Each structure stands twice: as structure tokens, then as C-alpha cells.
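Report on the structure
If you want the building blocks of each chain, they are given just below.
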Amino acid sequence: MEQLTHWLIENVWMIPVYPLLGFFLILLIRVVGGVTNDSTKKFCMATTVLATFMGLMHTLPFVSQLLAGQLQDIQVNVPWLKAGNFVLSMGYLIDPMSVMMLFVVTFISLFIQIYTHGYMEKDPGYSKFYAYLALFNFSMLGLVLSTNLFQMYIFWELVGVSSYLLIGFWFTRPDAAAASVKAFLMNRVGDFGLLIGILLFLFMTFNWWMTSAGNEVLLSFTGMTQFAQAAHLNPGLLPPAGVMTLIAILIFMGPMAKSAQVPLHTWLPDAMAGPTPISALIHAATMVAAGVYLVGRVFPVFQLSPSAMIFVAVIGTITAVIAATIALTQTDIKKALAYSTCSQLGFMVAAMGCGAFAAGLFHLFTHAFFKAMLFLCSGSVIHACEDEQDMTKMGGLLKKLPITGWTYLIGTLSISGMLWTSGFWSKDEILVGAQSFNMVIFWILAITAGVTAFYMFRTFYMTFLGEYRGEAHVHHESSAMVLPLVVLAVPSLIIGFLLSGKSGLVGLQLPSFSDMIVLTGMNHGHEVAHGATHGAAHHGPFSHDQIGYLSMGLGLAGFALATLMYWKPLNDLPGKLRSSFSPLYQLFLNKWYFDTMYGAFVDKVYLVFAEASARFDKGFIDGIVNWTGTSVMGTGGALRKLQTGKVQTYVAVVAFSVVILTLLLMYWFL
Amino acid sequence: MSENFLPQNYLTCLLALPIVFALALPFLKPNEGSKNIHFYGVGASVVLFLFSSLAWLVTGRLKGDGLNLLYNSLTEVHPWFPNLGIHYAVGADGLSLTMMILTTFLLVMASVASITNIKKRVKLYYGMLFILTTAVMGVFLARDSFLFFLFYELELIPMYLLIAIWGGPNRKYASLKFVLYTLFGSVFLLAGILGLYFHISSTGGIAVQGQEFLFPIIQAHAATLAPTAQLLIFLAFFIGFGVKLPMVPFHTWLPDAHVEAPTPVSMLLAGILLKMGAYGMMRFCWEYLPEAAYELAPWVAALAVINIVYTAGVALVQKDLKKLIAYSSVSHMGFVLLGLAAMNELGFNGAVFVMFAHGIVSAALFMCVGTLYTRTHTRMIADFGGLGKQVPVIFYFFMFMSMASLGLPLLISFASETLVFYGAFLSDFFHHTIPFFGLKLFWHMRLATLLSALGIIIGAAYLLWMLKRVFFGEMPKKWNQLADASRSEVFVLATLALLVMGYGFQPALITHHFEAEVSNVARMYPMIHARKQMEASAARQIKGPKSTIKQLSSAESISGAQVEDTVEQQELVTYE
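Residues numbered from 1 in each chain as written. Chains lettered and ligands numbered in written order. Predicted model: local features only at pLDDT ≥ 70, side-chain atom pairs only at ≥ 80, totals over all residues. Heavy atoms only, no water.

Section: the overall build of chain A
Of the regular secondary structure elements, chain A holds 28 helices and two strands. Its C-alpha atoms give chain A principal-axis dimensions of about 120 × 65 × 60 Å. Out of the 670 residues in chain A, the part that is buried amounts to 60%. Sequence separation of at least 24 residues holds for 78% of the intrachain contacts in chain A that already meet a minimum separation of 6. Total accessible area computed for chain A in this model is approximately 26,000 Å², and 69% of it derives from carbon and sulfur atoms. Put simply, chain A has 31 plus and 31 minus side-chain charges, and the middle of one group is 11 Å from the middle of the other. (Helix = DSSP H or I, 4+ residues; strand = E, 2+ residues; numbered from the N terminus. Buried < 20%, exposed > 50% of the residue type's maximum accessible area, 1.4 Å probe, protein only. Contact = heavy atoms within 4.5 Å. Areas by Shrake-Rupley, 256 points an atom, 1.4 Å probe, with all protein chains shown as cover. Lys, Arg positive; Asp, Glu negative; His and termini not counted. Charge placed at Lys NZ, Arg CZ, Asp CG, Glu CD.)

Comments concerning the environment of A327 of chain A
Residues and elements named next belong to chain A. Looking at the secondary structure, you find A327 in helix α14 (residues 306-329). The class of A327 is buried, set by a relative accessible area of 0%. Residues A327 and V432 lie 105 residues apart in sequence; the distance between their C-alpha atoms is 25 Å. Non-local contacts of A327, meaning those with residues more than four positions away in its chain, are made with A336, Y339, S340, Y455 and R458.

Remarks on the interface of chain B and chain A
Contact with chain B, which involves 66 residues of that partner, is made by 55 residues of chain A. Of the roughly 5,100 Å² buried between chain B and chain A on both sides combined, carbon and sulfur atoms contribute 75%. A per-residue breakdown of the area chain B buries against chain A is headed by Y422, F425 and L426 of chain B, which together make up 12% of the total. Where chain B touches chain A, the interface holds one salt bridge. Our enumeration of links across chain B and chain A arrives at twelve residue pairs in polar contact (both at pLDDT 80 or more). The dominant element in the side of chain B that touches chain A, judged by the number of residues it contributes, is helix α19 (residues 445-471) of chain B, at 15 residues. For the side of chain B that touches chain A, a count of residues per class yields 42 nonpolar, 13 polar and eleven charged. (Buried area = accessible area lost by both parts, 1.4 Å probe. Salt bridge = Lys/Arg side-chain N within 4 Å of Asp/Glu carboxyl O. Polar contact = N/O pair within 3.5 Å; in protein donor to acceptor, adjacent residues only side chain to side chain. Nonpolar A, V, L, I, M, F, W, Y, C, P; charged D, E, K, R; others polar.)

Some details on unusual backbone geometry
Look at the link from V262 of chain A to P263 of chain A: it is a cis peptide, with omega at 5°. Mapping P263 of chain A onto the fold places it in the loop between α9 (241-258) and α10 (267-270). For the bond from L245 of chain B to P246 of chain B, the omega torsion is -5°, close enough to zero to count as cis. Here P246 of chain B shows up in the loop between α10 (227-244) and α11 (253-260). In this structure, R121 of chain B takes a positive phi of about 45° despite not being glycine. Relative to the helices and strands, R121 of chain B resides in the loop between α4 (94-117) and α5 (122-141). Residue M343 of chain B is not a glycine yet carries a positive backbone phi of 60°. Inspection of the secondary structure puts M343 of chain B in the loop between α14 (321-342) and α15 (345-376). Accessibility expressed as a relative area gives 1% for M343 of chain B, which makes it buried.

A word on the nonpolar core
The biggest cluster of nonpolar side chains holds 441 residues, and the ones touching the most others in it are I108 and Y164 of chain A together with W286, F398 and F471 of chain B. Both domains that furnish three or more residues to this core are identified here as domain 1 (1-288) and domain 2 (293-522) of chain B. Beyond its immediate chain neighbours, meaning those up to four positions away, W286 of chain B contacts F234, F238, M281, A293, V300, L340, M343, F348, V521, M524 and Y525 of chain B. Residues I430, L431, F442 and A446 of chain A belong to the second largest nonpolar core, which totals 18 residues. (Core = buried A, V, L, I, M, F, W, Y, C linked by side-chain atoms within 4.5 Å. Domains from an automatic or database assignment.)

Points about the side chain of E515 of chain B
Topologically, E515 of chain B is positioned in helix α21 (residues 508-522). For the buried E515 of chain B, which has no salt bridge, the nearest side chain bearing the opposite charge is K82 of chain A, at an N-O separation of 5.9 Å. Setting aside residues up to four positions removed in sequence, E515 of chain B forms contacts with K82, A83 and G84 of chain A together with N349 of chain B.

So, the packing of aromatic side chains
All names here are of chain B. A complete count under the given rule lists 81 aromatic pairs over all chains for this structure. With 4.9 Å between their ring centres and 50° between their planes, Y10 and F51 make a pair best called tilted. Of the two residues, Y10 sits in helix α1 (residues 10-24) while F51 sits in helix α2 (residues 35-61), which places them 41 residues apart along the sequence. The class of Y10 is buried, set by a relative accessible area of 0%. Arranged with centres 5.4 Å apart and planes meeting at 80°, the rings of F215 and F284 form a pair that is edge-to-face. (Phe/Tyr/Trp six-rings, centres within 6.5 Å; stacked < 30°, edge-to-face > 60°.)

Below is the structure:
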């Protein structure tokens, strides 16, 4: 056992390699095997699941070390790209943050892959789906283990392409085709900012990297933390404040796209055109949280610019509100959940901006479990209703799908932050952080938490209670799909409490999340470190407990309102509200017109510009070329007429030329 | 491995080998469908590739002095027209060898691709292909500028015929345009070469008599040119090679040539012929005329931005699939310009790496387009749709290569473009403020990089949009008889895909072949920069006091004589 643990720890770099090998193995089978029968399908599934399982096994020793407070950071780098003295490296970094994320990704991934077997069994692309899943796992785990910003950019783009492939998995459907392209392009816009941000940061701090941080890998996270600390002691290292803010905002463009923050959020709801396991894994639990993870990684750099922190907090808050309001109007169950993901990501980002670093990551952690589970529940429902996603054609499904229904309820409670479920604890931390930052943001987030409870219970009531309104014959739940739900329900309920720092109440001695997840390379007790880990805790008008009661109270209000309106609709209350707040309802229903604006920009501005360029290219530039060609030919033709063969003409020309030349010579020399 | 591993006249053999292959062709008797000719063509190009890879393998293992010894031993110089100073001189270095291996490798790929694409006059076709190979390799290996020019022009003839005989319906226009346009560039090129020649022969003295065209002599003496003359010669070379690169606004021959050329010829055109321009530019402009390059860097950076962003925009709205890929090819060559404008190790390494990566990826993309065209006989994007289900193999290769082209990490273009982006952004050789209708416009490499990076968004946009329109969605009924990729096509695409992945995963495998030499070129620039800075500050010092003096004299506190004294003293100080 001891030896095994040792081996697992030594070879932790294998974590992303397993799924990569799995991907190539499946590729090989598909290329060589050609036909896919049942056994090869099973084999592909087993390969992917095993690869993820091995990743989880490698992670567990670190998790136990982390919980025991004995985690030793590991950082290994190898040069990857170099020119002269300039070296960009890749490697792996084991520290509390990466271990937490590794656990989330491998654990959730494993159960979603099992679930996928049930969901995709009849799909002709079954083994391809597992290949893509393996590719995604490789990219995501590589991202989590990145030691430096450059490496993270690499895997950042790779998760993007996995997401593209999986959203467009059913590429014959027009909506999936469009959504995949949109997701990729919108993320490219974010990546553009990220790239320029990285470059600007490097440009501004290049001397520091080349001199004082001689032993640090270029752009490494530990190096960035050290830079931030050095800059606190010696502000001369810092670029001008405006540039620092620009750097942070440009870097933040990456997370804005990947974590679907306003205004780069519109790809996420569209991405629901992909198969539901993907929505759960990539577009709820892991990849979209990568943005928050990145902000966490470069947090010390963000802290160097107070304006950038405000920017991050404001963007997060706006996202939380806008997405929540849109979620109110959605009737497609997956779209509603997607907007709720968007809104929750806004909470996390806002927490980061408020300086409540650990709170943001804590919410990432708990959200991953309950949101993955909620999506899997929705998948189970959709599967049972023969691909129906419209909640107005559901209802009363609790009887037919009891496990799905009850786990969905658990998820709903958790995301609403009620009854000491996981979501309660993490949302509580965020509100604590927000109150010490700004009361406006605090109140907006607190009320949005209430709205969250409302729209989540709305989906629950519409889907699971009342009378069945659809035509499709409802199937029963399959075991491969139910097991992951039950497994994920457990952390959705209790993991927040276990890591809330109050686990002593039930006799466990687990550290609190904020004590556990600290920034690597940070000297403890330092000002930055303190701000980073504890979010300058506990000051503001409310005590920690009061905030707990407040958020639960607002959640209960949302729950009560939803119950009033949707349990047994009295006199069509939703309809009345809809008509009396018509402009607002239209605004929410049309998703605040973001897509309309982007569509208009692309169609009316960029494409017009591109068309004009093409016409300029064809007409003007090539026009000149062709004109030159034809005029040369024309001149040639004209000149040919000169060679008449008539001596008289020649003599006349010669005489004329001599006169002209003589005149010219006289002009020059006399 | 010792440096004597390769025969003394290895490079000459290499250049002669394709000619020998071509000369043997008339004696072959084609059988049914000319299968044996195809077999011969592919076999011969494989032999050539293996022979050329000897140098690649040997140089890959050597470092430092050993490598230089090898390069010296490979160099061959024989007087050709002694009284004109023209030599037959060939030689190699990391840059030349990288381009050479790319040439022979793509020749193999093009030959295999020819099996399905070329049906008529196969013997003549392979003859032209081999002569083309000699010409292109000659360009990369020549060490005498006149010989260089000859090879550069020789390439035109086979290429003209390859497009004019085996091309599409509008081939006459396209091939003529190609030739005339390149000749237009060649005029500038010749002017540049002769300019250098006359300068060296008039100032070089007896020591260089009769060697004026040799590269080392050019390198040693180009710096003594007057600044204006350097600029003029630089511009001549820059325009000459810019036509080939191609650089906006000299690029319009390329889409036409590509559209009409048969698939294998397109692969070679994009894969290696454009690299002749990039190679020449790097060699003559940036290696031999660094001061002019330094002076003109702001303009080059601006042209690079236009090349990348403008052509990407044009690519976005193309209706013809092959034109789209052609414009994307032009767009990516802009990264070569950007890397060159950066004038540092990263930028130069990136530029060479982009040349190589672009060679592989654009050849592969043209192959993909070709596979679709041979089946459907249309290139209009609107005619396609939903082909993903019908021809999955082509679809996945096309998607993979598009991903490579749009710079997906761990694929070859990403590493090369990363070098260019990092190099360009970190380069800090110029910083200008340009007055523009009362506004102050800044122009420096950071801004140029920022604008070029827009190319990664637009690049993704046109490729993904194209993929969506061609392969996604519902398929029109007319295509339901379409056959998937044949074995030879899969071979070509899979080989290219392996390279794309292999070099993408481990870029050091390719960069270490040219890193030393290319970085050496870059080391000149900080020195030039330092000197220019010193000159500029000296000029400022002279100027500076004058302005204060003006204020002083306007206050009439110092007499005119005193003012002149101060100025003279100041000048003395700066010139000491």
C-alpha cells in the first residue's frame, strides 16, 4: 500500500497522459478496426473510464495529504520552446489549488463518463464521443497542472477545441453546428486578450524575470506571486498603474470568455446544443470554471491593480444578475440551467474581484458537484422524454423518475443556498467577502441569490410536479444514469459543510477550505497572502452568522414565491406578471439583446468591411495589375505600327528625334 | 558522426539528381494509365528525399564548431565566368537545409498526390516537377548571387508549364499572370544584385576582384554602402521577394495561380515556392543589409499587419474554397514579415519556423481541397454542405489541418506563431509618434503585434465558418455517391498530419536545426540599435542646447558671440 501510494505520487505527471494515450488508442482502433461493433465500443468506453479512474487514483494521495495539512508542493518544468536565451517551459505543479481542481475534474469526469454509457448507448458516434471525452480530459488536466501562464494558454485553447468538437458532436443539426463555431470564436476573442495580456505583462516585467527570478521559469505562477510580493516592497518594479490595470483586464478577457462572463457569455447557452453529459462536464462543472481557476492562479497580479479588481468584481456581479434574470424566462430546461451556470460563475468571479479568493474557489468546488448533478438530472429527464427539452411539455415526472427527481431537488436546494447544503456554505463565504468590499455588490449578490432560488424551484416545479403535459412516452431511468446522480448527490449535500471549518460539530477534524487552499509561493503572514486567502475577512455591518440567516431568508423568499407561482398556478400568476411587466419580460426573454447586437455587428459591420476588402482586392489591386497587363499589350500593339518598313517614315522619325535631342542637350548644357 | 560523412560534392549531386531523374523519363514507356510513370516519379522523389535527408540527419546531431566544419566542407566554389566574377557556388547552413528538406519532402507528397490528380502527359509532368525541384533547391543552396538569380528564374519555366498545361479552365490567364508578375519582381531583384555588384567592384579593391557575386563577399561589403544606397538596394530586394512571398499589394497573382493549378502543383506552390521569397528576403535584406532593415522595420511591421489582417478579411468572404485557402496562405506569410520586423532571436526563429510550418500546413490544406475537387468538380463553398457524414475521413483531415492552420496549440503552427508573437511583442527597436490630422498615432511593435493578433480571431473565423458550410448541417442529395479519401490521399494527409503533430508536440526537433545560425543574424541588431541610439543622442545633444540658447538670446542676456562659442564647445564635446 505504502509502495503504491509512493508510486502514485511519483508519477503524478501521468494524470493527463492517460487520457491522451486513451484518445490515441481509440483513434487507432477506429482507424484500424474500421467497423465498430459492440466489443470495440465497450473497449473504447473502458479505455476512457480507466484513464480517468487512474487520474483519480493519482489524485487521492494528494487529497489525503491536503486534508491532513501535509501537502508538499511539487513543481517540475522542462523547456519546450526556445530561441537564444528565451525559454518557454511546460511542466506540472502540485499545490493545494491544483489538487482541489484535480479532484473535481477526475471525480466528476469519472461519473459523467459512466453516465455517458447510458445516455449515448444508442448513438452511432458512441466511441467517437469517448475519444473526444478523453481528449477533453487530457486538455483539462493539463490546464489544471500547468506551472506557468504560457502552458496554461496552451491547454486553455485545447479545452476550447474539445468543447468545440463536443458541442458540434451532432454536427448535422444546424443549431449544434452554429453553436460550436460561436463557442470557438467567442473564446478566441477572449484568448486574444489573454495572449496580449500575457505578452504585455512579460514585456513590462521582462528584466525582473531575467535577473532576480533567475531560477524561476518564465511566466510561472510561483514567479508571478514572488513578483507581486517584490513589487509590494519595491513599487519601482511595477509598470505604471494604468498599464498594470490594462494587463489585468486583458488577462481577464480569457476568463471572461471561458467562464461566460458578460459580454462574452452568449456562447454558453447555445452550447447546450451538445449532448447533455457534455453540458454537465464541460459547460457546468469543469471547463467553464477554468476561468475562475486562472484568476485564482494569477491572483497576486490582479491584486497589484485595485482598479482591475473592481472591474472583475463588477463584471462578475453584472453577469450574476443578467444571467439570473434571463434564467427566469427560459422554458428549455437545459437553457435555464445554462443561464444559472452563467450566473453562478458570476458569483465566483465577483468573489475573486472582491478579494475573497478562497470563497470564489470554494464556490467553484461545490458548484461543480451540484451543477454537474443538475445537468445529469436534466439529461435523464430529456432521455426519458425522448429528447424533449421544453419544460412546458413536462411536469409530474417525480413519479416516473423518482431518483432523478429527488436528486434534482437536492441540487436545487444546494444551488439556492438552503438548509446547510453545500451551496449554502460557499455562497455564504462569497457574501462575507463581498460585504467587506462593497455594500452595493453585496446587496446585489444577496438578492440574486434569492432570484436563484426562485428560478431553480421554478424549473423543479415545472418539470417534476403537477400534471404531465407532454406527448412523448416516458421511459424509466437506466442504472448507468442513476448511479452517478446518487454519487454526486452526496457531495452536493455535505461537502460544503465538511470544508466549512465547522466539521468539528460532527467529530471530524477537517480544515476549512480557506485554510486549505492557499497560494503557492506566498510567504505566510504577508499582507498579500492574508488578503488573498481570507479576503480581509469579517468587517462590515453584518456578522458571519447574520449573513448566513440573511442569505437563507432570501433563498426561502425565492422558494416561497416559486411555490406560490408554479406549484399550483393560481389564476395564471406567471402570465399576469408577464403581461404587466412586459418590457422587462421582453428584455429578459431576448437575453438583453446581446446576440442581436453581435449578429448585427458581424453582419452589418465586419462582413461588410470584409466584402469591401474583397472587392478592393479584386477591383482595385488586381484591377491595376490587369490594367498594366492590357495597357502594355496595347502599347505593344501601337508600337508595332511604328515598324512600317517605310524608309521615309524612319528618316522622318530619326530627323525629328535628332532635333528634339539637340534641343534637350542645349537646354542642359547651355 | 564525423563531418566527412557526406561526400565533398554532396550538394552538387543533390542538385543534379532531379535532372538525372528527369532525363531518364523519355526512355520510359508508359503502360495503361501511366501507372509505371507515377511509380517512377514517386520512387525517384523518395530517393531524392532520402538522399537529401542525409544532410539533415548529420547536421541534426552536430553542434557548434563541428557543424561549422561540416558546412565549410559542403561548400563548393568553382569559377564559372571568371571575367564577370560569376561562380558556381553552393553551400548550406541551417536555414538553407531546413528549406531544402521541406522541398524534397513536399516533392514526395506532391508526387503521391499526383497519382489521383494527374491523368495526361504524365512523363512531361514529372519532368517539369523534377526541374522545378532542382531550381528551388538551387535557390536555397546557391552561394553566388548570380547563380541564385539564375535558379530563381529557372523555377518560372516549369511552374509556368505546370499551370498552363495541367491547370483548370482559366489556366492561360493565371499562368501568364504568374510569370509576368514574377518577372516584374525579378527586375527589382536583378537591380538589387547588380547594385551590390557594382558597389563591391568599385569599392572592394583588388582583394574581391572577380568574386563580387559571392555571398560571403556581399555580406562583408554590403555594410560599407552609403545609407541611401543600402535603403534603395534593400527596397529592390524587398519588392522583388515581396512579389513571391506574396506581400500585399503584390499578391493577386497567387489566388489565380492556385485556383487554376492542379492540386499537387498548388501544394508545391504554397509549400515551397513562396518560401523562396521568404528565404531570399531573410538572406539578402535582413542578413546582408541589416542597417536598412533596421531603418525600415516600422514599414515592414505595417506591411506585415496589412498582410495578416487584410487578407484574412478577404479570405472570410471568398466563395471559392481554394481561393479561401490561398488567401489564408497569404495571410500566414504575413507572420514571416512580422517575425523579420521584430529583428530579435525569437522573431527570426519564428519567421523561419513559420516558413516551415506554413509549408506543411498549407500544402495539406490544398491537398484537402483537392480531394474534394476531384470528386465533386466544384470548388464553390455554396455547392457543398453536410459532407461530414458522407466523407468522414476527408472531413477529419480537413478539420485537423484547419485547426493546425488557425494555430491550435500542440500543432506545428502554434509553436511557430508563438515565437513570432513573443518576438514581435518583446522587440523594442523603434517607437514612433506619427502626427495624423491633429492626432498623435503611436507606432511600435507592441501595436503591430496587437493588430496582427486579430489575425488569430479572423483566421479561426474563416476556417471554422468554411468547415461549417462545407461539412456541417444537412447534405444536398446530389453528393450521396461521393467516395471517401483513397489510399494514396490518406497516405499524404496522414503523413502531413503526423508531422504537424510531431513538430507541434516537440518544436525543438525542428528549431534546433536552424536556431544557431538564425540567432546569429539577430545578434547584429542590438549593436546597430545601440549605435543608432548613440548617434541620435549625439544629434540631440547638438540640437538641445541650441533651443535653450534661443530662449536665452531672446532674453538678450548673452551676446551672440557667446552663443556661438557654446555651440562650438558642445559640438567638440560630442565629437570627441
